[in-house]
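Secondary and tertiary structure notes
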Amino acid sequence: MSSLLEARGVVKSFPGVKALRGVDLRLGAGEVLAVLGENGAGKSTLMKALAGVQAADGGEFLMNGDPVRVDTVRGAMAAGIALIHQELNMAGNLDVAANIFLGREFRKFGLVDDERMRREAVTYLKMVGLDVDPAVEVGTLPIGKQQLVEIAKALSVDAKVLIMDEPTSSLSQTEAEQLFVVVKDLVSRGVSIIYISHRLSEIVQIADRVTVLRDGENAGELAGDEITHGKMVQLMVGRDVDRFYQRTQHELGEVALEVKELRTTAYPEHAASFQVARGEVVGVAGLVGAGRTEMLEAMFGVMPALGGEVWVQGEKATIGAPREAIAAGLALVPEDRKTQGAILDMAVLENASLASLKRDARKGAFLNREAEEALAEKGIKDLSIRTPDAAQLVRYLSGGNQQKVVLAKWLAMKPKVLLLDEPTRGIDVGAKQEIYGLIEELAKQGMAILFVSSEMEEVMGLSDRVLVMHEGEVAGELKRGGITEEQIMSLATGGVSQELKV
Amino acid sequence: MKKILGILITLVAVYVLTAMVGDNFLSAYNQEKLLERTALFGILSIGVAFVIITGGIDLSIGSVVCLTGCGLPWLMVKHEWPPAIAVPMVLVVAALIGLSHGLLITKLNLQPFVVTLCGLLIYRGLTRGFTEDQTQGFGGEFSGLRAVANEKISLTAEFGIPWTWVILVVIAVMAWIFLNKTIYGRYLRALGNNEDAARFSGVNTDRMIILAYVFSSMLAGLGGMLFVMNVGSAQPSNFGNFYELYAIAAAVLGGCSLRGGEGTILGVVIGAAVMRVLYNMINLVTWIPTHIEFAVVGAVILVAVISDELVKRAAARRRVRG
Amino acid sequence: MKIGTRLILGLLLAAFALSGCGEKGPEKKKYGVVTTGVASFWDICKTGAEHAGAELDVEVEVLFPNDGVEQKSKMEDMLSRGVDGIAAAVIDPVNQSEFFDEVADRVEFITMDTDAPDSKRKVYIGVDNYDAGRMCGQLVKEALPDGGKVVMFIGRLEQDNSKRRRQGVIDELLDRSHDSSRFDVPGEVQKGDKYTVLATLTDEFDRAKGKANAEDMLTKHPDVGCFVGLFAYNPPLILEALKQAKKLNVVKVVGFDEEGPTLQGIIDGTVHGTVVQNPYEYGYQSVKVLHALATGADAEIPENKFINIPARQIRKDNVETFWADLNKKLIGE
């Protein structure tokens, strides 16, 4: 197959990080190419470079063998490359036609010609099999349809290459199936697709070829029958999966955390109930928007719960604010490290002691500097935080080390239950493995651990038990050993698993 | 030290420049007066610095100065309250004002700008109301109490330390200890940097924010009383007009970021000093027309803030490379 | 809809009728007196206006706006409420004239205390500030018989009375001819045979600044002979500054208007004297003239449209009688 788009030796650096270290990519006409990699492997950076959102520092880009400049969105569009963003990039208050032609409006006597735009929009909407009135406001459509509008928009600029970044992350199963039909139809019209997803089963289903990135470099390629779950994971992780997620069997203790009929603002009419035992690691899977973060935040008193109870080691906890949750023995590593977890412009020391200051490091109202330093040093040592010293501002640490500082803050509190929300998002593979090791170690010491993750591998590899959430409810529980991605997906999208609660 | 370097250089530069071109700038009398004025405005600036460190703003300071500055002689002269009751009473009122700001901002989630802007209007209006818009003064009485604001501790025949300066130093030291040596100061800076992270760490952020507004209003109240004791009388319609802006400018000059989290007390005091030296310079240097003073003050603040930002960027760049 | 409209109309008519019922006989005439700010000076003016109102059996409303913008809106509100005549003290004679003409087209309009000579005002009641300034200059000459350096302090200089008052002092000290149209730029030093006027400092009504101005002038000119405070609150601030600098009686003080500390200073000997206007008469005469104009009686307006209420010099010999009389007027007796 002759290549339609080719990228050679793409390089991109950010302050302190080499995100791409000379990546190659080849895409044939009418091909679906899946690009895979762990978080931080460089796939998003590569896609942004291809679509001109964030120009690469170096590398060659060829379209049909001719060099093209893709350092601006306009340039990439002219070359026929369009990016469908992970977070939808639509103006929700404008109608479908206006969104499709945004920035390229048809005009009549200098005024916007709405009528003609709506007429023309229908052509592109048909291509993606979308039957909506082009005069309808985009914001009123369900997410799946909004995404199809965005694809229609890309087609309207005559895109030859469509980059789809995690297109199914917020879609229901049915919506996702519809999308696959559209993808296949587009391919048959000669459009090429670069497809990024964490859901390996999808990739098995629709990809013609897979290229895997790891730490900013090409890690390997798979085509046709080679595309299997195991091989993909092996390439992504770069080692044997079972060794990556090292878990040892140990006895579970009594129930440490019990959540009864917890309802949150995300799905006021649905309630979640579950238990976590001492020494148990429980993963929470589900689609984006399934109410997982809201559940953790309600348990931790960040946002008020609409109803329900939280029991910690047999005692009912009244939780109206995080400080009450902390007093009850909970700790939360929040989803967004930079805005909720760490205080970037304060020192490692000040971050590490923030939660335990009141209990462990004061003399009356005054700071107990020695106790604080001891506490920070212990955190740095125990979690092997890589920092010149405890006075370093957290801002200047790598993502993984920032996350470790947040963990150190909580471990100093010796919580009974540790809640983690996407604990490894955006950190490198090495730090990830360290955090997995730490979770295992804490579980061994008897801590109860509940973690939310959107990385299938992580959930399956790390958990003793997996809770799958769907619209604010626990749709099913899966025990370690033989959990499959299909089971999780089916539960997460509202389907019923046959292997419930073995 | 690094953080206040920029403002310290500005102070020294303005000071040396004025000493060179101004008449009698270095006279003992003028130095005393500069200390006195820096103290009066510095007290307001330290107050607002607490609020700015939390990422908020307090626009009501000038009106609180008016309320307390008119209120004190009103209570003492018109209603014949003894100073030992009137002074604490005024401070309590100021504290209640701060408390109400803090409650509205934290519990109702109103924006600090809006709450304190309304305060700016309300307290001036109230003062004009209860004083019936009449000038309030001590009428030559209470020289004992007023000595706190207009007498000095003589060191030589010529020079002495104004009592207001002593008050400022005491307040500044207490504020510095609070911010740097107590867990509550740590909490205040933490929440100013990242309120969510502080709250997630179990800090009672609401209580700390309320405390900051109480400090701000109480120091404005103290400042207002000292101002009127120093000047002798106060007119409700314009006493303390724009003082919130002088206070905020001094705090910003002193390194407080309006985004919150940052600020040193020493820097704020130096910031207040820079402002006062500038005004003094405009009067003492013959060739500066006095009516362009706002332009001079504004330009110097802008230059100081720009150079501070450039220094910070250069430091950050070195850091990334290193 | 139709029924609704009719209902509202009906209600409005009823309200109209009811409001009429409350009135007994012909309405009292209403006059507004508008000042330029808040000061005890204007309270005395208010007393005078109210006394005239009581004598004539008319309603009088006195307003105290802080600046030109507020003055305009308050006068507009007054017009909307209904008024038969307005007497206003002018803040900015040039730029306010257009608005004053609008007022004069609708009701009887006169100026008092400060004038807007180019407007359609019927008459100006007040002092000639230039003359008052020269009287102030005479006091300085008495205080410094051998000559010396003088600094003046004033709230703001844009208004006509400030300019003329200040010019009067300078012209008297420099023994110039009587010409009220002269204007010396504030930044320049005016040097005469015996007296040198070093500067005129403004404070925009910020008292801390007014005091700081006096202090800075003590620093800059240690040999200054006399401070002149041209707005009512300036002499007390000068006294505060001198007291702390221990320079009372060293630097002579001449004032304007009659704040308590100024009068007390005259009694104590720390202030040589002050020039007082007669705000009581401004208020009293304003209402009388407005009423004569509105009722068509003879308002006795002179040819030059200026009713002069002369200023007076207060020194140690007459201060106590003056103060006693003032206190009576202040409490509205």
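It should be noted that the structure appears before, not after, this text.
Residue numbers run consecutively from 1 along every chain, following the written order of its sequence. As they are written, the chains are lettered A onward and the ligands numbered 1 onward, keeping that order. Where local features are concerned, this predicted model is filtered to residues with pLDDT of at least 70; where side-chain atom pairs are given and counted, the filter is 80 or more; whole-chain, interface and lining totals use all residues. Hydrogens and water are ignored here; the side-chain numbers use all heavy atoms of the structure.

So, on to the nonpolar core. Nonpolar cores were defined as sets of buried Ala, Val, Leu, Ile, Met, Phe, Trp, Tyr and Cys residues, with membership established by side-chain atoms within 4.5 Å. Throughout, exposure labels follow a simple rule: accessible area from a 1.4 Å probe, protein chains only, divided by the maximum for the residue type, with under 20% read as buried, over 50% as exposed, and the rest as partly exposed. Ranked by internal contacts, the top residues of the largest apolar core, which has 187 residues, are B:Ile46, B:Leu72, B:Phe227, C:Met112, C:Phe227 and C:Val228. Any pair of residues with heavy atoms lying within 4.5 Å of one another is described as a contacting pair. Every residue in contact with C:Phe227, bar those within four places of it in the chain, is listed here: C:Val151, C:Phe153, C:Ala214, C:Met217, C:Leu218, C:Ile238, C:Leu242, C:Val251, C:Lys252, C:Val253 and C:Val254.

Before going further, it helps to spend a moment on the pattern of salt bridges. Within this document, salt bridges are pairs made up of a side-chain nitrogen of Lys or Arg and a carboxyl oxygen of Asp or Glu, the two lying within 4 Å of each other. For the structure shown, the criterion picks out 53 salt bridges over all chains. Between C:Lys46 and C:Glu50 there is a salt bridge; the shortest N-O distance is 3.9 Å. Within this pair, C:Lys46 and its partner C:Glu50 are both found in helix α2 (residues 40-56), separated by 4 residues, close to a single helical turn. According to the relative accessible area criterion, C:Glu50 is partly exposed, its value standing at 38%. Linked through salt bridges whose partners overlap, the residues forming this network are B:Lys33, B:Glu36, B:Arg37, C:Lys211, C:Glu215 and C:Asp216. Counting from the N terminus, the helices are DSSP H or I runs at least four residues long and the strands are E runs at least two residues long.

For the rest of this paragraph, the subject is the interface of chain A and chain B. With 34 residues of chain A in contact, the opposing surface of chain B contributes 23 residues. Accessible area that two parts lose when put together, with a 1.4 Å probe and added across both, is what the buried area reports. Of the roughly 2500 Å² buried where chain A meets chain B, counting both sides, 59% is carbon and sulfur surface. Three residues, A:Arg323, A:Leu354 and A:Leu367, lead the burial of chain A against chain B; their summed loss comes to 20% of the area buried on that side. In this structure, B:Arg186 and A:Glu372 form a salt bridge, with 2.4 Å as the shortest nitrogen-oxygen distance. The definition of a polar contact used here is a pair of N or O atoms within 3.5 Å, where within protein one atom must be able to donate a hydrogen and the other to accept one, and adjacent residues in sequence count solely through side-chain atom pairs. At the junction of chain A with chain B, the criterion picks out 10 residue pairs in polar contact (both at pLDDT 80 or more). Elements supplying a minimum of two residues to the side of chain A that touches chain B: α11 (322-327), α12 (337-341), α13 (348-353), α14 (357-360), β20 (366-367), α15 (369-382) and α16 (399-411) of chain A. With 4 residues, the top contributor of residues to the side of chain A that touches chain B is α12(A). Class assignment for the residues of the side of chain A that touches chain B results in 19 nonpolar, 5 polar and 10 charged. Residues are grouped as follows: nonpolar covers Ala, Val, Leu, Ile, Met, Phe, Trp, Tyr, Cys and Pro; charged covers Asp, Glu, Lys and Arg; every other residue, Gly included, is treated as polar.

A few words on unusual backbone geometry. Positioned with a positive phi, A:Glu422 is a non-glycine residue whose angle comes to about 45 degrees. Position of A:Glu422 relative to the elements: it lies in the loop between β21 (417-421) and α17 (429-444). At B:Asp133, a position not held by glycine, the phi torsion is positive, near 65 degrees. Looking at where B:Asp133 falls in the secondary structure, it is placed in the loop between α5 (112-130) and β1 (136-137).

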